[in-house]
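# Observations on the model geometry
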Amino acid sequence: KSSKREWKPLEDHSCTDVPWLLLFILFCIGMGFNCGFSIATGAAARLLSGYDSYGNICGQKNVKVEGIVNSGLDLTQKKYVFFLDPCNIDLVHQKIKSLALCVSACPRKELKTLADVQKFAETNGSTLCSYELQPSEYTTDPRAAKLCPKYPVPESAPIPFFHRCAPVNISCYAKFAEALITFVSDSSVLHRLISGVMTSKEIIMGLCLLSLVLSMILMVIIRYISRVLVWILTILVILGSLGGTGVLWWLYAKQQISASADETEIAKENLQALLIYAISATVFTVILFLIMLIMRKRVALTIALFHVAGKVFIHLPLLVFQPFWTFFVLILFWTYWITVLLFLGTTGSPVPNEEGFVEFRMVGPLKYMWWYHVVGLVWISEFILACQQMTVAGAVVTYYFTREKRNLPFTPILASVNRLVCYHLGTVAKGSFIITLVKIPRMILMYIHTQLKGKENACARCMLKACICCLWCLEKCLTYLNQNAYTATAINSTNFCTSAKDAFVILVENALRVAAINTVGDFMLFLGKVLIVCSTGLAGIMLLNYQRDYTVWVLPLIIVCLFAFLVAHCFLSIYEMVVDVLFLCFAIDTKYNDGSPGREFYMDKVLMEFVENSRKSMKEAGRGGGAEGRELKPM
């Protein structure tokens, strides 16, 4: 039985979950302490200016490290870090296994012998061998084999802002790249994939821009022609999937007929890729048709709901730009997080390693700062996303529960942000922390599964995957419940637990409505994402077809399709969020209002017609005698 407390939309505003806001502020202060500590201990100087293998920071005077020769040097004139063997990369610890020195200039041309290294030192004043060797000793001292760079010394250039000499030709990092891409067994395949991306970079950028334009156009269509949008999307997806599949088979047949015995290896790979694409598109089209056949009777029910959501975007046009602001804030935070992470990687006390060089390590409780920083990444990222959900929910709630739309605030989005900052940051912090509690164990299990890949037995592998899957499902369910809890908080200004309980009760009481309205609406938005991806992918196939003899299609097409889906998801997820908020508002409206004087409905007339049509359709399906008919009672 639901709470007897009366819902008073937008009447009461009070601060919610204040202790959780204080806890979140304390946590953010701890994140700031991580940054301040790393800067105070010299990590920022070591990161930006660089340091050699003896613990000296380049470009400044240094303090002697006990027990380490060549430490405590005055390197004011030597501002760049130079590695004697920059291509010797430790794949396990992700670092360069080479003696590092501070030099005054990077070698701007290849040095093939020690004589060239000596000449470079005499001409430019930049000594590329260890500090204990003088330039005149490079060709005569037997220690030069270990204390001088491995030759030929590649041409190098300083990395902007970080004062490291990096090889201009990055071919020496090919092994590192190949180790990261484990599915590539032949290095030539990797090189062809990378060259294909570089050759098609203009096409890739153009197609990414096309996906952004298509997403904006789709949002405009949703706003202005919502009544016919559902059928337009359905027809376009049918035609697009059939057309895309037909074009793929046509291209495959055309290239199969025109194939010759002396065609290039790349052309053969593209022909095989076309066959795989054509078969995959055929299977996808069949599955899509079966799903649409099953849901054909419910497709018409989404028209009215889309119409009301379209009205929301007409009155609240700033909702369209909400993903941009969220993405911008996330980028700023992630940039800060990565910067502090790099600081933490160079902080600590100087400790001699087994090779006699210096490493900076954190000892004692300070070594757990890494874990704190990782938890901060998840919690604050989820907090930012939750702020977007609360902002959208507050704006849509304001629209729904304002009887006269002419009396809406000038900018409902800014009014929603103001209520969020003044009253509900604690609720957002608590909801995002709950998601963090589920997400971090899942990330730990995924890391363990990755580290034990190929070592654990079948039973352990199955248990790990089952736990990861269960935590993923729990995370999705909690995310959906959190979103509805934020809506309940925006309506009645209650704390998180009360709002989550009230929203859960409303959703359970309207389970069939959730299935009939929410699921179908989400499916139609999924069709919109499919339309954008298919359109962008088809355009990519037609453009890349002109480069089939010298460009590998696989990676460029995958990059374009992934970016198109990401862009479409960012835009249409806002629409999906609006639909979910509208549904919960409607369910609360029908539960606590009956249309009588003093308890008038807030809902739009089109939405009332939508529910009435849903009731009729479900009564026909259940012949009016089942639970469906009782649940969707006439208003």
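Residues numbered from 1 in each chain as written. Predicted model: local features only at pLDDT ≥ 70, side-chain atom pairs only at ≥ 80, totals over all residues. Heavy atoms only, no water.

This part is about the overall build of the chain. Check the secondary structure of the chain and you find 20 helices and eight strands. Expressed as a percentage of its 635 residues, the buried residues of the chain come to 45%. In the chain, the proportion of contacts linking residues at least 24 apart, taken out of those at least 6 apart, comes to 72%. Just so you have it, the chain exposes about 32,600 Å², and 67% of that area is on carbon and sulfur atoms. (Helix = DSSP H or I, 4+ residues; strand = E, 2+ residues; numbered from the N terminus. Buried < 20%, exposed > 50% of the residue type's maximum accessible area, 1.4 Å probe, protein only. Contact = heavy atoms within 4.5 Å. Areas by Shrake-Rupley, 256 points an atom, 1.4 Å probe, with all protein chains shown as cover.)

Before going further, it helps to examine the confidence of the model for the chain. Per-residue confidence for the chain gives a mean pLDDT of 78, with 79% of residues at or over 70. Ranking the helices and strands of the chain by mean pLDDT puts helix α13 (residues 369–400) first, with 91, and helix α20 (residues 627–631) last, with 40. In the model, residues 175–190 has pLDDT below 50 throughout and makes eleven contacts with residues more than four positions away in sequence or in other chains. Scored below 50 in pLDDT, residues 624–635 makes 23 contacts in the model with residues more than four places away or belonging to other chains. (pLDDT = per-residue confidence, 0-100.)

Moving on, we get to the nonpolar core. Of all hydrophobic cores here, the largest spans 78 residues; its most connected members are Leu319 and Val578. The biggest single contributor to this core is helix α18 (residues 554–592), with 18 residues. Excluding its chain neighbours within four sequence positions, the residues that come into contact with Val578 are Ala309, Val312, Phe313, Leu319, Val392 and Val396. In terms of nonpolar packing, the next biggest core, distinct from the first, is built from 32 residues, Leu84, Cys102, Leu111 and Cys165 among them. (Core = buried A, V, L, I, M, F, W, Y, C linked by side-chain atoms within 4.5 Å.)

Attention now goes to the pattern of salt bridges. Scanning the entire structure with this criterion turns up five salt bridges. Where Lys439 meets Glu382, a salt bridge forms, and the shortest distance between an N and an O atom there is 2.6 Å. Of this pair, Lys439 sits in helix α14 (residues 412–451) while Glu382 sits in helix α13; the two residues are 57 residues apart in sequence, bridging distant segments of the chain. A relative accessible area of 17% places Lys439 in the buried class. Residue class for Glu382 comes out buried when judged on its relative accessible area of 14%. (Salt bridge = Lys/Arg side-chain N within 4 Å of Asp/Glu carboxyl O.)

A few words on unusual backbone geometry. Generally, phi is negative for residues other than glycine and the peptide bonds are trans, each holding for most cases. At Asp17, a position not held by glycine, the phi torsion is positive, near 55°. For Asp17, the position within the fold is in the segment before α1 (18–40). A residue is classified by how much of its surface remains accessible, and Asp17, at 11% relative accessible area, is buried. Even without being a glycine, Asn70 presents a positive backbone phi close to 65°. Relative to the helices and strands, Asn70 is located in the loop between α2 (43–49) and β1 (80–83). Of the residues examined, Asn70 reaches a relative accessible area of 18% and is grouped as buried.

Side chains of Tyr368, Trp370, Trp371, Ile444, Tyr447, Ile448 and Leu452 sit close together on the surface and give an oily, nonpolar patch of about 740 Å² of accessible area. When residues of the nonpolar patch are traced back to their parent elements, those giving at least two are α13 and α14. With respect to the helices, strands and loops of the structure, Ile444 is situated in helix α14. Residue Ile444 is classed as partly exposed on the basis of its relative accessible area, which comes to 38%. (Patch = residues over 30% accessible without salt bridge, like charges linked within 9 Å, V, L, I, M, F, W, Y side chains within 5 Å.)

For the rest of this paragraph, the subject is the state of the cysteines. One pass over the structure, following the stated rule, counts three disulfides. At a sulfur-sulfur separation of 1.9 Å, the disulfide partner of Cys58 is Cys102. Across the S-S bond linking Cys58 and Cys102, the dihedral sits near -80°, which makes this disulfide left-handed. Taken together, the residues span a long stretch of sequence, with Cys58 in the loop between α2 and β1 and Cys102 in strand β4 (residues 100–103) at a distance of 44 residues. Cys129 shares a disulfide with Cys148; S-S distance 1.9 Å. Because the sign of the S-S torsion sets the handedness, a value of about 110° for the bond joining Cys129 and Cys148 places this disulfide among the right-handed ones. Within this pair, whereas Cys129 is found in the loop between α3 (114–124) and α4 (144–147), its partner Cys148 is found in the loop between α4 and β5 (156–158), the two being separated by 19 residues in sequence. Among the residues examined, Cys129 registers a relative accessible area of 1% and is labelled buried. Residue class for Cys148 comes out buried when judged on its relative accessible area of 5%. With no disulfide partner, Cys462 has as its closest neighbouring cysteine sulfur the one in Cys459, 6.9 Å distant. (Disulfide = S-S within 2.5 Å.)

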